[in-house]
Amino acid sequence: MADSTGLQFVSPYAFEAMQKVDVVRLAALSDPELRLLLPCLVRMALCAPADQSQAWAQDKKLILRLLSGVEAVNSIVALLSVDFHALEQDARKEQQLRHKAGGSNGESILVSQLQHGLTLEFEHSDPLRRLRLTLSELLAIMNKVQRKFLLNSVNLVRKIHPSSCF
């Protein structure tokens, strides 16, 4: 195993263990190495397996034991339970609404009225609401950038006189 201080990438040892679903090797990984694999491991443990064998059932129990000691697993489970298809549809509707309204931030499909400031609302929200808040802010930023780009393009076109083209 590689030195895992400041680990940013999955080590070849960890990659091979995941590729071969070698739970004994996975159990031997350090916490930082295991942390990089959490989304995959959570998905493996929670999704219905194609392999219905007794060996996989035992391996799955070991994976669940590995995951039980990691606090971040609950957040990953919550994110995996989000209906991303519905979220994408709402984001597209929000985009259309912002485009039609000229970018006004009055109405929102993704986010209903905020009770507190955006930061407090984000901190006290469930994962789905956090995703909705983040998407809403990203769409607002994208809309501002697009409007600014269009405004600059219009100003540039106005500066070009027909006589200067020939």
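Bear in mind the structure is a predicted one, so any value in this text is a computation, not a measurement. (Residues numbered from 1 in each chain as written. Predicted model: local features only at pLDDT ≥ 70, side-chain atom pairs only at ≥ 80, totals over all residues. Heavy atoms only, no water.)

Section: the pattern of salt bridges
Line of reasoning, step 1. Applying the stated rule across the entire model yields six salt bridges.
Line of reasoning, step 2. A salt bridge links Glu16 to Arg25, with the nearest nitrogen and oxygen atoms 3.5 Å apart.
Line of reasoning, step 3. Relative accessible area serves as the criterion here: at 19%, Arg25 is assigned to the buried category.
Line of reasoning, step 4. Among the salt bridges present, the one from Glu88 reaches Arg92, with a minimum N-O distance of 2.7 Å. (Salt bridge = Lys/Arg side-chain N within 4 Å of Asp/Glu carboxyl O. Buried < 20%, exposed > 50% of the residue type's maximum accessible area, 1.4 Å probe, protein only.)

As for the packing of aromatic side chains
Line of reasoning, step 1. For the structure on display, the rule yields zero aromatic pairs.
Line of reasoning, step 2. The side chain of Arg25 reaches across the aromatic face of Tyr13, ending 4.4 Å from its centre.
Line of reasoning, step 3. It is Arg130 that lies over the ring of Phe122; its NZ or CZ is 4.9 Å from the centre. (Phe/Tyr/Trp six-rings, centres within 6.5 Å; stacked < 30°, edge-to-face > 60°. Lys NZ or Arg CZ within 6 Å of the ring centre and 35° of its normal.)

Observations concerning the confidence of the model for the protein chain
When pLDDT drops low, the exact placement of atoms in the prediction is not to be read closely.
Line of reasoning, step 1. Of all residues in the protein chain, 88% have pLDDT values of 70 or greater, and the mean over the chain is 82.
Line of reasoning, step 2. Averaged pLDDT values for the elements of the protein chain fall to 60 in helix α10 (residues 162–165) and rise to 93 in helix α1 (residues 12–19). (pLDDT = per-residue confidence, 0-100. Helix = DSSP H or I, 4+ residues; strand = E, 2+ residues; numbered from the N terminus.)

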